[in-house]
Amino acid sequence: MSGMFGFGRPQPSSSEKIAAAEQEMDLVTDMFNKLQQACMKKCIPKDYREGELNKGEGVCIDRCASKFFDVQMKISELLQAEAQAKGATGGGFGIGGM
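Residues numbered from 1 in each chain as written. Predicted model: local features only at pLDDT ≥ 70, side-chain atom pairs only at ≥ 80, totals over all residues. Heavy atoms only, no water.

- Going by the annotation in an unreviewed UniProt entry, the name recorded for the protein chain is Mitochondrial import inner membrane translocase subunit, with Amylocarpus encephaloides given as the source organism.
- UniProt, in the comment section headed Subcellular location (unreviewed entry), describes the protein chain in these words: "Mitochondrion inner membrane". (UniProt positions renumbered as here; feature names shortened; annotations may be inferred.)

Quick notes on the nonpolar core
Point 1. Counting residues in each nonpolar core, the largest one holds 7 residues, listed as Leu35, Cys39, Cys43, Ile44, Cys64, Ala65 and Phe68.
Point 2. If you list the elements that add at least two residues to this core, you get helix H2 (14–43) and helix H3 (55–88).
Point 3. Not counting residues up to four positions away in its chain, the partners in contact with Ala65 are Leu35 and Cys39. (Core = buried A, V, L, I, M, F, W, Y, C linked by side-chain atoms within 4.5 Å. Buried < 20%, exposed > 50% of the residue type's maximum accessible area, 1.4 Å probe, protein only. Helix = DSSP H or I, 4+ residues; strand = E, 2+ residues; numbered from the N terminus. Contact = heavy atoms within 4.5 Å.)

Notes on the state of the cysteines
Point 1. For the coordinates displayed, the defined rule picks out 2 disulfides.
Point 2. A sulfur-sulfur separation of 2.0 Å characterises the disulfide bridge that pairs Cys39 with Cys64. Its S-S torsion of approximately -95 degrees makes the covalent link between Cys39 and Cys64 left-handed. With Cys39 in helix H2 and Cys64 in helix H3, this residue pair connects regions lying 25 residues apart in the sequence.
Point 3. Under the relative-accessibility criterion, Cys39 is labelled buried at 4%. (Disulfide = S-S within 2.5 Å.)

In C-alpha cells, the structure reads:
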C-alpha cells in the first residue's frame with residue numbers, strides 16, 4: 001500500500017535513515033552549543049560568585065534563549081521562502097545561470 005501514497009519515490013534505506021538522524025543530531029548539538037556560548041557570554045560573569053544562578057542571570061538566560069530561537073525561526077522561514085521562490089523560477093541554474 002505504500003506504493004499508492006509514496007508517489008513512486010524510493011524509501012530511504014536504514015543506513016540513509018541513520019545518516020539523516022546523525023546529521024540532524026549534529027545540527028541540534030551545534031545549535032545548542034551556539035546558544036549556550038552566546039547566552040553564557042552575555043548573561044554570566046566570568047568571575048563566579050555563587051554556585052547557583054541569581055535571579056538576574058536566570059532572567060537574562062531565559063530572554064537570551066527566547067531571542068535566539070526567535071531569530072532561528074525567522075532565518076528558517078526566510079530560507080524556506082527563498083528556496084520556494086527559487087523552486088518556482090526553476091532554481092536559477094539554467095543557461096548562463098552559473
